[in-house]
Amino acid sequence: MILAGDVGGTKCNLALFSESGGKLTPVFRQRFASKDFAQFDLIVKEFSRQAAPHLSSNGILAAGFGVAGPVLNNRVRATNLPWIVDADSLTRELHVPQIVLLNDLGATGHSIEHLLPEEFCVLNPGKPEPAGTRALLAAGTGLGQSFLVWDGKRYRVAPSEGGHADFAPHTEQQIELLRFMRRRHPHVSWELILSGRGFRTIHEFLAPDVKHPSFDDPDADPAPEITSRGLAKSCRVCVDTLDLWTDIYGSEAGNLALKVLALGGVYVAGGIAVKILEKIRDGAFFRAFKDKGNFEGLLSNIPVTVVLNESAPLLGAAYEALAAVRS
């Protein structure tokens, strides 16, 4: 059996998988609210207690965890949580000899080869280059980025913290948005906009006097209300917020494609794209993606695909743990 986890700033998904013939099948899974636990080890301990009836006599062979943050010396300081996830500590806690820590986007990248065709939504079929570099980005609690390089046998995932690079406005309106945000933040990154919290920021930029019920609750996340109103077209400001957010997301996806020359395709993952898929599919995202002057023709030929399975990081982490056992 393989234990896997998708460790994010909002939630932690953990699951047990059984292996047969190289294929992993989930046998038990649980979701935990990250804010309810002082450290990740406590979540692992609670999950182990709940999962005990599902364990075979052989126990757990290996565990893999995709964590939102950079992996350094087999430790991750979580980006949006006051946690340190340490492989040695988890080995002692779980009594599992093989622990694999990955950046969460790295885990998602490793899942792509294992997902079914119906777990993708193609925005642009393009003309993929065999063994071409792939790019991956995912907006959720934060903005993850990575790229995948073919090594002759399989794709290797190179992690990145590109979501924390400087936001580069593309239009006059976006220049004004940058000025607006610089009054609040000394450093304006892509992640401050291309994450759940970015929806309220853009809404306040467009119409500071327009409020919604979720704005008054300090514990509420206004993003679901803004996006649902935007999709339903029940609030003009929410519609405009969704439009601007999607344009910026498409533009940064195009930037990443150029930086790594992603001729093998660009994959858009994360919880937000799935929740606003209607908007992502209406053409605005791809128009912003390819709007790069002389390189519009090249970007028009790059496949762009949305990953619909929100458990992709969990699956990728599980398969990397299995690969570690086999190696």
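Look up: the structure comes first, before these words.
The sections below set out a description of the structure shown in this document. These numbers were taken from a predicted model, which means no experiment stands behind them.

Overall, antiparallel pairing links the 3 strands, which are arranged S5-S6-S7 in an open sheet. Looking at strand neighbours, the two that pair on one side only are strand S5 (71–72) and strand S7 (84–86), the edges of this open sheet. Taken together, the 3 bridges between strand S6 (residues 75–77) and S7 define a ladder with antiparallel strand orientation. Bridging across to S7, Val-76 finds its partner in Val-85.

Bringing the side chain of Ser-195 into the picture now. Note on placement: Ser-195 falls in the loop between helix H5 (190–193) and helix H6 (197–206). When neighbours within four sequence positions are excluded, Ser-195 is seen to be in contact with Gly-140, Thr-141, Gly-142, Trp-245 and Ile-272.

Attention shifts here to the packing of H6 against helix H8 (residues 236–260). Two elements in contact, H6 and H8, have axes separated by 9 Å at closest approach and are oriented at 120°. Classified by the angle their axes make, H6 and H8 are oblique. The way H6 lies across H8 gives a crossing that is right-handed. Contacts between H6 and H8 pair Gly-198, Phe-199, Ile-202, His-203, Phe-205 and Leu-206 from the former with Val-237, Cys-238, Asp-240, Thr-241, Leu-242, Leu-244 and Trp-245 from the latter.

Right, let's talk about the side chain of Lys-279 for a bit. Locating Lys-279 in the fold gives a position in helix H10 (residues 277–280). Of the residues examined, Lys-279 reaches a relative accessible area of 11% and is grouped as buried. A distance of 2.9 Å separates a polar atom in the side chain of Lys-279 from a polar atom in the side chain of Asp-282.

The phi dihedral of Asn-74 is positive, around 65°, even though this residue is not glycine. Assignment of secondary structure puts Asn-74 in the loop between S5 and S6. Residue classification places Asn-74 among the partly exposed positions, given a relative accessible area of 39%. Residues other than glycine seldom take positive phi values, yet Ala-131 does so here, at roughly 65°. Tracing the backbone shows Ala-131 in the loop between strand S9 (120–124) and strand S10 (134–139).

Right, let's talk about the pairing of S10 for a bit. S10 sits mainly inside the fold: 6 of its 6 residues count as buried. Burial of S10 is two-sided: the residues Arg-134, Leu-136 and Ala-138 facing one way and the residues Ala-135, Leu-137 and Ala-139 facing the other way are all buried. Note that S10 and strand S11 (residues 143–150) share 6 bridges and pair antiparallel. Of the residues in S11, the one forming a bridge with Leu-136 is Ser-146. The pairing of S10 with strand S13 (residues 265–269) spans 5 bridges and is parallel.

Inspection of every chain in the model, using the stated rule, returns 12 aromatic pairs. Ring geometry for Trp-150 and Tyr-155: centres 5.1 Å apart, planes at 70°, overall edge-to-face. Judged by relative accessible area, Trp-150 falls into the partly exposed class, the value being 36%. Taking relative accessible area as the criterion, Tyr-155 reaches 9% and is therefore assigned buried. Through a chain of ring-to-ring contacts, the aromatic side chains of Phe-199, Trp-245, Tyr-249 and Phe-285 assemble into a single cluster. Positioned over the ring face of Phe-215 is Arg-200, at 4.6 Å from the centre of the ring.

Cut-offs and rules
Residues numbered from 1 in each chain as written. Predicted model: local features only at pLDDT ≥ 70, side-chain atom pairs only at ≥ 80, totals over all residues. Heavy atoms only, no water. Pairing = 2+ DSSP bridges. Helix = DSSP H or I, 4+ residues; strand = E, 2+ residues; numbered from the N terminus. Contact = heavy atoms within 4.5 Å. Axes fitted to C-alpha atoms, helices over the stretch in contact; angles between N-to-C directions. Parallel < 35°, antiparallel > 145°, perpendicular 65-115°, else oblique. Left-handed = near helix turned anticlockwise from the far one by under 90°. Buried < 20%, exposed > 50% of the residue type's maximum accessible area, 1.4 Å probe, protein only. Polar contact = N/O pair within 3.5 Å; in protein donor to acceptor, adjacent residues only side chain to side chain. Phe/Tyr/Trp six-rings, centres within 6.5 Å; stacked < 30°, edge-to-face > 60°. Lys NZ or Arg CZ within 6 Å of the ring centre and 35° of its normal.

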